[in-house]
Amino acid sequence: MQMLLEMLAGLIAMLAAAALSQFGVDLHAPRHAEREIQRVQDCKEAPAATVTVTSPSDC
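Residues numbered from 1 in each chain as written. Predicted model: local features only at pLDDT ≥ 70, side-chain atom pairs only at ≥ 80, totals over all residues. Heavy atoms only, no water.

Regarding the overall build of the protein
- A tally of helices and strands in the protein yields one helix and zero strands.
- Buried positions account for 0% of the 59 residues belonging to the protein.
- As displayed, the protein offers around 6,900 Å² of accessible surface, 60% of which is attributable to carbon and sulfur atoms. (Helix = DSSP H or I, 4+ residues; strand = E, 2+ residues; numbered from the N terminus. Buried < 20%, exposed > 50% of the residue type's maximum accessible area, 1.4 Å probe, protein only. Areas by Shrake-Rupley, 256 points an atom, 1.4 Å probe, with all protein chains shown as cover.)

Notes on a nonpolar patch on the surface
- Where nonpolar side chains cluster on the molecular surface, the patch consists of Met1, Leu4, Leu5, Leu8, Leu11, Met14 and Leu15 and spans about 780 Å² of accessible area.
- Residue position: Met14 is located in helix α1 (residues 2-21).
- We classify Met14 as exposed; its relative accessible area is 59%. (Patch = residues over 30% accessible without salt bridge, like charges linked within 9 Å, V, L, I, M, F, W, Y side chains within 5 Å. Salt bridge = Lys/Arg side-chain N within 4 Å of Asp/Glu carboxyl O.)

Written out as structure tokens, the structure is:
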């Protein structure tokens, strides 16, 4: 008897999923990808070169 009820429940679930899929409803939504973690190192040394920018004299 329990097996019959489980089969009926499974059949109803399959029919409901088939009916909802006609309207674009997905019961098993895809999981979001895990975030990628990247470790960066802080610069402990001063920059080797500096760049000086001056504005044009005609402005």
